[in-house]
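One-letter residues, chain by chain:
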Amino acid sequence: MSVAVIGGTGLDRMPGLTVDRRLDIATPYGTPSAPLLEGRFAGSRVLFLARHGEQHAIPPHAVNYRANLSALRQAGARSVVAVCAVGGIAPWIGPAQLAVPADLIDYTWGRAHTCSDSAEVPLRHVEFTVPFAERVRRELLHAALAARVDIYDGGVIGVTQGPRLESAAEVRRLKRDGCDMIGMTAMPEAALACELGLEYAILAVSVNWAAGLGSAGIHAEIETAVGEGIVRARMVLARALPALRAQEGP
Ligand code: HPA
């Protein structure tokens, strides 16, 4: 069994990963965003998948989430750390801050969001009360503590359709709904992981204040924060992935 990383904005490549094999995997849902990279990171075996493709050309609503998650499972993944860029709503999730959300609200629409939709796959109503795997969340939080990287434990991620950013009124609504941060890719990714029996958690990297909450322009904020946020995320991954791998079977 392996540990997998799905890299999002800012992490289309994984510096420090020594690639042994590029796996072109066909799934019943088509091909994943990119070949899976199998290799070593921080001394441990990992699988890496660039969610938006190696050229960062696939927008959030067009990602083939079903093929991505199926391919990871076919390649032997048991746990998945999904790195997601987010906009911060809660005051403690400002640019370059990391978080490991505990819950989500799905605002996406029109995405192929289940594997339970054909005669070949028995209909299952998967339980989604707790959408993220606590074992994976804990390892991310322990790793951040050990690496002395500030990380927020918890919060709700609202998942919007994109690729446009939100209006200020939409962000006020998301805040009233209880969202602490906003991203565009956690759904249907988290739900499909659940259907496929993968232990999935998000390492959220805040790259901007959500619309209407910051004083700088959002794109200027993203340009400044993304590099620093991803450096911190890699420090966390370098400890979390070997720890997760050590818990998994051969
Ligand atoms: N909104 C939605 N998704 C995002 C944002 C945002 O402000 N920043 C990064 N991903």
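Residues numbered from 1 in each chain as written. Predicted model: local features only at pLDDT ≥ 70, side-chain atom pairs only at ≥ 80, totals over all residues. Heavy atoms only, no water.

Another point: the site of the ligand. The ligand sits among Ala-85, Val-86, Gly-87, Thr-160, Leu-165, Glu-166, Ile-182, Gly-183, Met-184, Val-207 and Asn-208. Within the backbone of Ala-85, one N or O atom sits 3.3 Å away from a nitrogen atom of the ligand. Glu-166 places a polar side-chain atom, nitrogen or oxygen, 2.8 Å from a nitrogen atom of the ligand. In isolation the ligand has 260 Å² of accessible area, and contact with the protein removes 93% of it. Counting residues per element, the shell around the ligand draws most heavily on strand β5 (residues 77-88), at three residues. Looking at the shell around the ligand residue by residue, the classes come out as six nonpolar, four polar and one charged. (Near = heavy atom within 4 Å. Polar contact = N/O pair within 3.5 Å; in protein donor to acceptor, adjacent residues only side chain to side chain. Areas by Shrake-Rupley, 256 points an atom, 1.4 Å probe, with all protein chains shown as cover. Helix = DSSP H or I, 4+ residues; strand = E, 2+ residues; numbered from the N terminus. Nonpolar A, V, L, I, M, F, W, Y, C, P; charged D, E, K, R; others polar.)

With the rule as written, the count across this model stands at 15 salt bridges. Of the charged contacts in the structure, one is a salt bridge between Glu-170 and Arg-164, with a shortest N-O distance of 2.9 Å. Judged by relative accessible area, which is 29%, Glu-170 ranks as partly exposed. On the basis of relative accessibility, which here comes to 53%, the residue Arg-164 falls in the exposed class. Overlapping salt bridges, with partners in common, bring together Asp-20, Arg-21, Glu-38 and Arg-45 in one network. (Salt bridge = Lys/Arg side-chain N within 4 Å of Asp/Glu carboxyl O. Buried < 20%, exposed > 50% of the residue type's maximum accessible area, 1.4 Å probe, protein only.)

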